[in-house]
Amino acid sequence: MNIAVCMKQTPDTEAQIKIADDGTHIQTDGIKWIINPYDEFAIEEALRITEKHGGEVTLISLGPASVEKTIREGLAMGAHKAIRIDAPESPADPQVVGAALAEVLKEGNYDLILFGKQAIDDDQSQVPSIVATLLDLPAVAVVVKLDIEDGKATALREIEGGHEKVTFSQPAVVSAQRGLNEPRYRSLKGIMAAKKKPIEVKQINLKENQLSVEKLSYPPEKKPGRIVGEGPDAVPELVRLLHEEAKVI
Amino acid sequence: MKKFESPDYFQVDDLLSEEEKMIRQSIRDWVDEEVMPIIEEYYQKGEFPMHLVPQMGEMGLFGANLPEEYGCAGVNNVAYGLMMQELERGDSGIRSFASVQGALVMYPIFEYGSEEQKKYWLPKLASGEKIGCFGLTEPDYGSNPGGMVTKAVKDGNSYILNGAKMWITNGTIADVAVVWAKLDGEVRGFLVEKGTPGYEAPEIKGKHSLRASVTSELVFQDCRIPAENILPKAKGLKAPLSCLTQARYGIAWGAIGSAMATYDEALDYAKTRIQFDKPIASFQLVQNKLVYMITEITKMQTLTLQLGRLKDQGKLRFTQVSMAKRNNVYHALQIARMARDILGANGITSEYQSMRHMNNLESVYTYEGTHDIHTLIVGEDITGIPAYY
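Quantities reported herein were computed from a predicted structural model and do not represent experimental measurements.

## What to know about the environment of Thr 10 of chain A
Residues and elements named next belong to chain A.
No. 1: Summarising the element assignment, Thr 10 is placed in strand 2 (residues 9-11).
No. 2: For the pair Thr 10 and Ile 34, spaced 24 residues apart in sequence, the C-alpha to C-alpha distance is 5.6 Å.
No. 3: Filtering out sequence-adjacent residues up to four positions away, Thr 10 remains in contact with Lys 32, Trp 33, Ile 34, Ile 35, Asn 36, Pro 37, Ala 119, Ile 120 and Asp 121.

## Examining the packing of helix 4 (residues 77-90) of chain B against helix 5 (residues 92-112) of chain B
Residue and element names in this part refer to chain B.
No. 1: Interhelical geometry of helix 4 versus helix 5 gives an angle of 145 degrees and a closest axis separation of 7 Å. Taking contact as the criterion, the partners of Tyr 80, Met 84, Leu 87 and Glu 88 in helix 4 are, on helix 5, Ser 92, Ile 94, Arg 95, Ala 98, Ser 99 and Ala 103.
No. 2: Here the residues of the contact of helix 4 with helix 5 sort into six nonpolar, two polar and two charged.

## Here's the deal with the interface of chain B and chain A
No. 1: Facing the 25 residues of chain B at the interface are 17 residues of chain A.
No. 2: Across the chain B/chain A interface, buried area totals approximately 1,700 Å², and carbon plus sulfur atoms make up 60% of it.
No. 3: Among the residues of chain B in contact with chain A, Lys 3, Glu 19 and Met 22 of chain B are the three that bury the most area, contributing 35% of the side total.
No. 4: Glu 5 of chain B serves as the salt-bridge partner of Lys 32 of chain A, at 3.3 Å between the closest nitrogen and oxygen.
No. 5: Counting across the chain B and chain A interface gives nine residue pairs in polar contact (both at pLDDT 80 or more).
No. 6: Listed by contribution, the elements that provide at least two residues to the side of chain B that touches chain A are helix 1 (18-35) and helix 3 (52-59) of chain B.
No. 7: The element that contributes the greatest number of residues to the side of chain B that touches chain A is helix 1 of chain B, accounting for 11 residues.
No. 8: A breakdown of the residues in the side of chain B that touches chain A according to their chemical character gives 11 nonpolar, five polar and nine charged.

## Some points on the domain arrangement of chain B
Residue and element names in this part refer to chain B.
No. 1: The domain boundaries assigned to chain B delineate domain 1 (12-127), domain 2 (132-235) and domain 3 (239-383).
No. 2: For domain 1 versus domain 2, the distance between C-alpha centres works out to 23 Å.
No. 3: If you look at the interface, domain 1 gives 29 residues, while domain 2 gives 27 residues.
No. 4: Between domain 1 and domain 2, roughly 2,100 Å² of surface is buried when both sides are summed, and carbon and sulfur atoms account for 65% of that area.
No. 5: Of all residues in domain 1, the largest losses of buried area upon contact with domain 2 belong to Tyr 43, Tyr 112 and Trp 121, amounting jointly to 28% of the total for that side.
No. 6: Our count for the contact surface shared by domain 1 and domain 2 stands at zero salt bridges.
No. 7: Scanning the region where domain 1 abuts domain 2 turns up eight residue pairs in polar contact (both at pLDDT 80 or more).

## Digging into the packing of helix 9 (residues 318-342) of chain B against helix 10 (residues 354-366) of chain B
If you want to describe how two helices pack, look at the angle between their axes and the distance between the axes.
Residue and element names in this part refer to chain B.
No. 1: Axis separation between helix 9 and helix 10 bottoms out at 9 Å; the angle between their running directions is 150 degrees. As judged from the angle between their axes, helix 9 and helix 10 are roughly antiparallel. In this structure, the crossing between helix 9 and helix 10 has a hand that is left-handed. Contacts from Lys 325, Val 329, Tyr 330, Ala 332, Leu 333, Ala 336, Arg 337, Ala 339 and Arg 340 of helix 9 reach helix 10 at Ser 354, Met 355, His 357, Met 358, Leu 361, Glu 362, Val 364 and Tyr 365.
No. 2: Taken together, the residues of the contact of helix 9 with helix 10 break down into 11 nonpolar, two polar and four charged.

What counts and how
- Residues numbered from 1 in each chain as written.
- Chains lettered and ligands numbered in written order.
- Predicted model: local features only at pLDDT ≥ 70, side-chain atom pairs only at ≥ 80, totals over all residues.
- Heavy atoms only, no water.
- Helix = DSSP H or I, 4+ residues; strand = E, 2+ residues; numbered from the N terminus.
- Contact = heavy atoms within 4.5 Å.
- Axes fitted to C-alpha atoms, helices over the stretch in contact; angles between N-to-C directions.
- Nonpolar A, V, L, I, M, F, W, Y, C, P; charged D, E, K, R; others polar.
- Buried area = accessible area lost by both parts, 1.4 Å probe.
- Salt bridge = Lys/Arg side-chain N within 4 Å of Asp/Glu carboxyl O.
- Polar contact = N/O pair within 3.5 Å; in protein donor to acceptor, adjacent residues only side chain to side chain.
- Domains from an automatic or database assignment.
- Parallel < 35°, antiparallel > 145°, perpendicular 65-115°, else oblique.
- Left-handed = near helix turned anticlockwise from the far one by under 90°.

If you want it as structure tokens, here you go:
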């Protein structure tokens, strides 16, 4: 079984994000880059499937040469090879990313295409569905359990207030949700092997961005708390404020 | 618990390869997730967390700098050192386990063993399926190992061992012991398997240090082992001493991890603990201590990285390893004591890790060549005059 996992490099979840001087990008100095955590679930799932059924896992990522650092992380987990679609930066428009990925994916004859359900940086959650649409494949999103047996695929999806079990034909596009698995640690052998694995660089014509970032802004600062008094005497005033000002009771 | 970030005051990270950093990060993540949540409990109980052994094997932490053909990861010595740093950031006992398994059991088998011994033992030790220990020190011969009284006598197709070894990490839980004994007056190495009649390995209890690590005595009473269990290429005291050089190299790195852990804890505490209406980090005496800590950590980082590069280039001298072990463990211990001090009364509890590190480092200061013996090794090297006795 040949599986493609599309992955994105994102800032570490604990990174302190600062807006760059141009107001439309974040400052990248000092940022630690990681595999988008949802994509890591996708890579882990692909590895488990190929460990069980045989086959190869190909990582596909879009961006400049600097994303190869996180591609190597995925190869260190055990993916077999990788493709980097060359781009000066990660496009803001999910249509551009989706079209580029679809173009590369259709050449690969993959039985399964896995994604994380969203990237934790811009949270657009669009690319998996765009790719599925462009390739005319079933799209199964926000998956917490995936079973592939004899060409029959079953997934458990997280939906509002519960789960939905679906079956689908392959090839298909599946996006991973937290809970699908527990990604493995990169072993020393895996890290050593990763440097010998190939990363193919593809040059393709990217579509024109139809969406651009106008402005980034910080969330509003939290207002400082207010002490309305001390002891039981303060309770009536607190109740009044909660009722009249905060309107929560 | 927050993810650990190591201090890097002099941008020493710029001198590391991506691969070295990836290895460090992977072990750091493992320590954060698997060691930190449980280590205090095991330390308090006085037990080694055995369930970590298969995970460490899976990650390739045992004998990581030995070649892939024997099931090892084949990383360079800097990556190996960073691994030791990260493990000891968790606990000296965890690092000790990996040091003994890799540098003191796998290394001598790799370096001095027959091809059959290597093929049989190394993959099993690398995966953690088998555990090893190393017996050199004796009750009456510590800094003076050449005086050892443990003897081997050839008897037909066997050797018969008699004697005792002391302060042996992993002894009780080991499947195989690399034992050093005199055969016709010459120090030789022998592989003794668990369960061999005449071989016992009782645990030493009541330790105030390295409580999450097994320390044992090894006793040999007419212990008969097959003749093929001798390490054919190890002849003379220089063989076990070469193993100690490997282990001390890892300890020099490990001490940095311990120092980073206690510095990180003390800095965090000093910035949040309020006395006289301000954080204690705003007092000059506290800043003085914190600056000592970060300065010494930075010096250790640069010294030890160069030590690793020399080892990878095949230029390492054992006297340099002595200097690094001596320096790094001494300062890591001072840093742990200062951290405990900054933490005040909180510093004596298991809510914080500094006192655990401090107590552990008292052992690390003494084992694998005491601080004073390393002073004399470097002293002899620079003056040409031995001053051991």
